[in-house]
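Residues per chain are reported as follows:
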Amino acid sequence: MIIVNLAHIFMVWLAQELFFAGIESTSTAIDWVMCEVVSNPSVMGKLRDELNTVVGRERERDVVEVSDIPHLPYLRAVVKETFRMHPPTYTINDPTHVP
């Protein structure tokens, strides 16, 4: 009976760990992107211009949709560069990692 309880507890712990680790890495990545954009006004201006051009203001809500993503190359570049500078995983001897 104890073995079954420990196995169940372990499975619950593992499921929670996987779920919360995924949430944590995503929120951390978003935080880093926002940090980099806010600390670089020229990047923020270019992103604003690109979003206004692609998304525009004539929509009911100014929301980026999945269909807009292929038309936002600068936003993709900013996200990729942020991931390069602040990878969401651990890096060991990675020459491209900028602390």
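Now for a look at the structure at hand. (Residues numbered from 1 in each chain as written. Predicted model: local features only at pLDDT ≥ 70, side-chain atom pairs only at ≥ 80, totals over all residues. Heavy atoms only, no water.)

## A word on the overall build of the protein chain
- Across its full length, the protein chain holds 3 helices and 0 strands.
- The linear arrangement of helices and strands in the protein chain, starting from the amino end, is α-α-α.
- Counting all 99 residues of the protein chain, 16% fall into the buried class.
- A fraction of 39% describes how many contacts in the protein chain between residues 6 or more apart in sequence connect residues 24 or more apart.
- Here the protein chain displays about 8100 Å² of accessible surface, and carbon together with sulfur accounts for 67% of that area. (Helix = DSSP H or I, 4+ residues; strand = E, 2+ residues; numbered from the N terminus. Buried < 20%, exposed > 50% of the residue type's maximum accessible area, 1.4 Å probe, protein only. Contact = heavy atoms within 4.5 Å. Areas by Shrake-Rupley, 256 points an atom, 1.4 Å probe, with all protein chains shown as cover.)

## What to know about the nonpolar core
- Within the largest apolar cluster, 5 residues are counted, these being Val33, Val37, Val43, Leu47 and Val78.
- At the level of elements, helix 1 (2–38) and helix 2 (41–54) are the ones that each hand at least two residues to this core.
- Not counting residues within four places of it along the chain, the set of residues in contact with Val37 comprises Val43, Met44, Leu47 and Val78. (Core = buried A, V, L, I, M, F, W, Y, C linked by side-chain atoms within 4.5 Å.)

## With respect to the side chain of Thr82
- If you trace the backbone, Thr82 turns up in helix 3 (residues 73–85).
- Using a relative accessible area of 4% as the deciding quantity, one classes Thr82 as buried.

## Quick look at helix 3
- With 13 residues, helix 3 extends 18 Å from end C-alpha to end C-alpha; this agrees with the ideal 18 Å at 1.5 Å per step.
- Three or more residues of helix 3 are buried, namely Val78, Thr82 and Met85. Angularly, the buried residues of helix 3 cover 65 degrees about the axis, an arc narrow enough to put them on a single face. (Expected span 1.5 Å × (residues − 1). Arc of directions from axis to C-beta.)

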